[in-house]
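Per-entry structural report
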Amino acid sequence: MKQLLQRLDSGATLLVDAPVPAVSGPNLLVRSQATVVSAGTERMLVEFGRASLLEKARKQPDKVRQVLDKVRTDGLVPTLDAVRAKLEAPIPLGYCNAGVVAEAGPRAGGFAVGDRVVTNGPHAEFVRVPHTLAARIPEGVSFESAAFTPVAAIGLQGIRLAAPSLGETVVVYGLGLIGLLTVQLLRASGCRVVGIDRDAGRLALAERFGAVAVDGTVGDPAARVEALTGGVGADAVLLTLASDSDDPVHQAAAMSRKRGRLVLVGVSGLHLRRDDFYRKELSFSVSCSYGPGRYDPEYEEGGRDYPLPYVRWTEQRNFDAVLMMMATGALDPSPMVTHRFAFAEAAGAYQVVGGSEPSLGVVLTYPPADGASPRAARTVERGPAAPAGGRGGAGVIGAGNFAVRTLLPVLREEGARLRVVASGGGVTGTIAAEKFGFERVTTDLDAVFEDADVDSVYVLTRHDSHASLAIRALEAGKHVFVEKPLALDEASLDRVEAAARAAGRMVMVGFNRRFAPLTVEMQGLLRGRAGPLSVVATVNAGMIPRDHWTQDPELGGGRIVGEACHWMDLARALVGAPIREVQAVSARDGEGRAVDDIAHLSMGFADGSTAVVHYLASGARSFPKERIECFWDGKTAAIDNWRRLLRWGVPGGSLLNRPRAADKGHAAEVRAWAAAVRGGGPAPIPLDEVMEVSRWAVRAGALARDGRGEARRGG
């Protein structure tokens, strides 16, 4: 299938060949029939992409501060590489899509193949969305009109926050797509509407839809509104414009009546003047997109709806309300359509949107649904395969940041045969395939496991899928590299171990820090030590929202299992003896519940050595992330954020060790694994040791999550 992407570094729009997304759970696969280009949001993205790096920085001062903090902690080169990678990654465009359901997952909320639906899917021939972000198109409503639904729902949610009543005067400040649709919705609600804009054509449309048009370039708009309301002022003002200036909010306050309501639907400067609001006791709200459910992963990804008696209007139910208004004729987007392009000519649409030619509703049209199954299009052959001779290819499952920025560059440098990359939605896999030269890209996991030319599988997906995918790879006779953690519970670890031993294939977990150059140097200092070693690892992990999937015990396993396992493994590698006990003490919140990402893990080893991992999510981001200290035989050495090795009582003291670029061992780890695969072993980390560290990490996570601090002994 074809999909439209945009590069943020250049602003270029790309029409790429991508595999059709896979469908499962609460998802629908929709064959697109019409999409609408958002003249506001998408134009801003195009303009941002075309801007110089300096201009991009000026528009995002918060990001600049984050970059400067990263330079101070990680060094200049890694920071520049991270920024460049972020800007080079293309992003999907579009969020107004209408089409026909081609496939429905087992929990698709009653939708069926053949249903005509509107979604917030991107510009692509097929889109995958959860059923909570789809709504059936009523009879008599065209695909083209229905595609305006998400834009109209943004205006509708702003109206719901303003809560106008019959006969009130409402100002719509900004008459783009959202503003003009909002005018129609307010008129259908029995409101008197005043529309303000600087464009004569848009003002004429507002008048056509029943609004009083006020030219924002002539005189004082606030005075005009005051005159229109007999000196009272507007009951509510909806700001549906995009501006960096603070003036629109000031103007909105000036034209409001006492105790009026202001709702920001678009974008505006927000240096508010207290006197504007104080004297009139104005209320001010910021509307969030289509409505309740927006940015909630349970709703938008998991397909979990909110109960209607308690949350009357959600994203989906706002879509339904907009479509109902279209079906009754109260809302008609067709007068706003200024341009139509076949999807194959989408680049021309963005030249219009990003150029000087007047435009408003820009519609992309797609070929009619032909009834063919999309399953055959889930794998895209991209180029000639390697010469016959069989195996040796890498199959990569997951194409997120870690894959693209860390693992795949090293595999390419090693000359690995990049056979196939898989991703659920197809977009990230397509980007990775293009950048690194994969022979195939797919959304079908069977295309990885059943490929005879794949001898090693790299599992780089969400944590809850790691164990099952590793087992499938092993049962298919493949070696498997799993980005940590290997599994989220001990039963799953047992199954992985059994599969590995039965298959006689290697298992590797992404414990990269034991391969870092400074770790190897530290191990050299420790060689021949006489007494026990004490390791202290301080990790300034950074705060992650409590509702992030990594914090969920079922999805991510929590941050101890999912990330602190790194430093447990590092301690195991430095000590060189098996772990015999672990204790965990976690912080508690105001209600006495354990906060398991502010925790202290104590480890005891078979040779009498000890380690403590201080895993702290509560520190400043500008503070260095990691410090590893080792104490033994009257000597001390410390790894300072993977940039230098400091020494006390050890030859080659601290003053001789200048900071270098941070190296956490990813490249050395991947090289060691690739060499093991080529040579048939041995594994860079023995299977017994991989399983040992993984089991203790699961136990430590349970202790931290339960808030208990007792030790657990055993294997």
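Refer to the structure presented above.
So, how was this worked out
- Residues numbered from 1 in each chain as written.
- Predicted model: local features only at pLDDT ≥ 70, side-chain atom pairs only at ≥ 80, totals over all residues.
- Heavy atoms only, no water.
- Helix = DSSP H or I, 4+ residues; strand = E, 2+ residues; numbered from the N terminus.
- Rg over C-alpha atoms; globule rule 2.2 N^0.38 Å.
- Buried < 20%, exposed > 50% of the residue type's maximum accessible area, 1.4 Å probe, protein only.
- Contact = heavy atoms within 4.5 Å.
- Areas by Shrake-Rupley, 256 points an atom, 1.4 Å probe, with all protein chains shown as cover.
- Pairing = 2+ DSSP bridges.
- Axes fitted to C-alpha atoms, helices over the stretch in contact; angles between N-to-C directions.
- Phe/Tyr/Trp six-rings, centres within 6.5 Å; stacked < 30°, edge-to-face > 60°.
- Lys NZ or Arg CZ within 6 Å of the ring centre and 35° of its normal.
- Core = buried A, V, L, I, M, F, W, Y, C linked by side-chain atoms within 4.5 Å.
- Disulfide = S-S within 2.5 Å.
- Parallel < 35°, antiparallel > 145°, perpendicular 65-115°, else oblique.
- Left-handed = near helix turned anticlockwise from the far one by under 90°.
- Polar contact = N/O pair within 3.5 Å; in protein donor to acceptor, adjacent residues only side chain to side chain.
- Expected span 1.5 Å × (residues − 1).

Details of the overall build of the protein chain
The secondary structure content of the protein chain amounts to 23 helices and 31 strands. For 715 residues, the compact-globule formula gives about 27 Å, and the C-alpha radius of gyration of the protein chain, at 29 Å, lands near that figure. Referenced to the eigenvectors of the C-alpha coordinate spread, the extents of the protein chain come out at roughly 90 × 60 × 50 Å. Burial status across the protein chain gives 53% buried among its 715 residues. Restricting the contact set of the protein chain to residue pairs at least 6 apart, pairs at least 24 apart contribute 67%. Of the accessible surface of the protein chain, which amounts to about 29700 Å², a share of 53% is contributed by carbon and sulfur atoms.

Re the sheet that holds strand β18 (residues 393–397)
Taken together, seven strands build an open sheet; the order of strands is β17-β20-β19-β18-β21-β22-β23 and the sheet is mixed. The sheet is open, and its two edges are formed by β17 (379–381) and β23 (507–509), each paired on a single side. Neighbour-to-neighbour, the strand axes of the sheet open up by a mean angle of 20 degrees, direction not taken into account. In terms of strand pairing, strand β22 (residues 479–482) meets β23 through three bridges, oriented parallel. Bridge pairing in β23 places F481 opposite M508. On the sheet, helix α22 (residues 666–679) packs against β21 (454–459), β22 and β23 and is oriented at approximately 170 degrees with respect to β22.

Some details on the environment of V113
Mapped onto the fold, V113 is located in the loop between β5 (97–104) and β6 (116–119). Sequence separation between V113 and A674 is 561 residues; the distance between their C-alpha atoms is 44 Å. Not counting residues within four places of it along the chain, the set of residues in contact with V113 comprises V101, A102, E103 and A104.

What to know about the packing of aromatic side chains
Where two aromatic rings form a pair, the distance of their centres and the angle of their planes describe that pair. One pass over the structure, following the stated rule, counts eight aromatic pairs. Pairing Y299 with Y306 gives two aromatic rings, centres 5.2 Å apart and planes at 50 degrees, and the pair type is tilted. Judged by relative accessible area, Y299 falls into the buried class, the value being 0%. Counting every residue linked through ring pairs, the aromatic cluster contains Y95, Y290 and F319. The aromatic ring of Y295 is capped on one face by R294, whose charged end is 4.4 Å from the ring centroid. A cation sits over an aromatic face here: R699 above W696, 4.6 Å from the ring centre.

As for the pairing of strand β15 (residues 337–342)
Direction of pairing for β15 relative to strand β16 (residues 361–365): parallel, over a ladder of five bridges. Across the sheet, F341 pairs through a bridge with L364, a residue of β16.

Regarding the sheet that holds strand β1 (residues 2–6)
Read from one edge to the other, the open sheet built from three strands follows the order β2-β1-β4, with strand pairing classed as antiparallel. Strands at the two margins of the open sheet, each flanked by one partner only, are β2 (13–17) and β4 (91–92). Pairing analysis gives two bridges linking β1 to β4, with the strands arranged antiparallel. Each residue of the ladder has a partner; that of Q6, found in β4, is I91.

Thoughts on the nonpolar core
Across soluble globular proteins, nonpolar side chains have a tendency to be buried as a group. In terms of nonpolar packing, the biggest core is built from 102 residues, with L408, Y458, L486, L574 and I628 touching the most fellow members. Once you skip the residues sitting within four places of it in the chain, I628 turns out to touch M522, V535, V536, A537, W567, L570, L574, A637, A638, I639 and W642. Ranked by size, the runner-up nonpolar core spans 52 residues in total, among them A146, L186, A321 and V363.

A look at the state of the cysteines
Using the criterion set out here, one finds zero disulfides in the structure. For C96, which is in no disulfide, the shortest distance to another cysteine sulfur is to C288 and amounts to 16 Å.

Points about the packing of helix α6 (residues 149–162) against helix α7 (residues 177–188)
For the pair α6 and α7, the least separation of the axes is 8 Å and the interaxial angle reads 60 degrees. Taken together, the axes of α6 and α7 are oblique relative to one another. Crossing handedness for the pair α6 and α7: right-handed. Of the residues in α7, those touching α6 at V151, A152, I154, G155, L156 and I159 are L177, I178, L181, T182, L185 and L186.

Topic: the environment of G415
Positionally, G415 belongs in the loop between α15 (401–413) and β19 (417–422). Overall, G415 belongs to the exposed group, its relative accessible area being 59%. Separated by 107 residues in the primary sequence, G415 and M522 have C-alpha atoms spaced 30 Å apart.

A closer look at the side chain of S492
Relative to the assigned elements, S492 resides in helix α19 (residues 490–503). Take S492: its relative accessible area is 10%, and that puts it in the buried class. Side chain to side chain, S492 and R495 meet in a polar contact 3.0 Å long. Apart from the residues lying within four places of it in its own chain, the contact partners of S492 are A467 and A487.

Here we look at the environment of V322
With respect to the helices and strands, V322 occurs in helix α13 (residues 315–328). Separated by 204 residues in the primary sequence, V322 and L526 place their C-alpha atoms 69 Å from one another. In this structure, V322 is in contact with T149, A152, A153, L156 and L331, ignoring residues within four places of it in sequence.

As for α7
With 12 residues, α7 ought to run about 16 Å at 1.5 Å a step, and its terminal C-alpha atoms sit 17 Å apart, in line with that. Judged by how many residues are buried, α7 sits mostly within the fold: nine of 12 residues are covered. Turning to α7, its buried residues are L177, G179, L180, L181, T182, V183, Q184, L185 and L186. Positioned one or two residues after α7, G190 has a phi angle of 85 degrees, which is positive.

Brief notes about the side chain of N97
Looking at where N97 falls in the secondary structure, it is placed in strand β5. Side-chain polar atoms of N97 contact the side chain of S32, separated by 2.8 Å. Among residues more than four places away in sequence, those in contact with N97 are V30, S32, A34, T35, V117, V118, T119, G121, P122, A124, V127 and A147.

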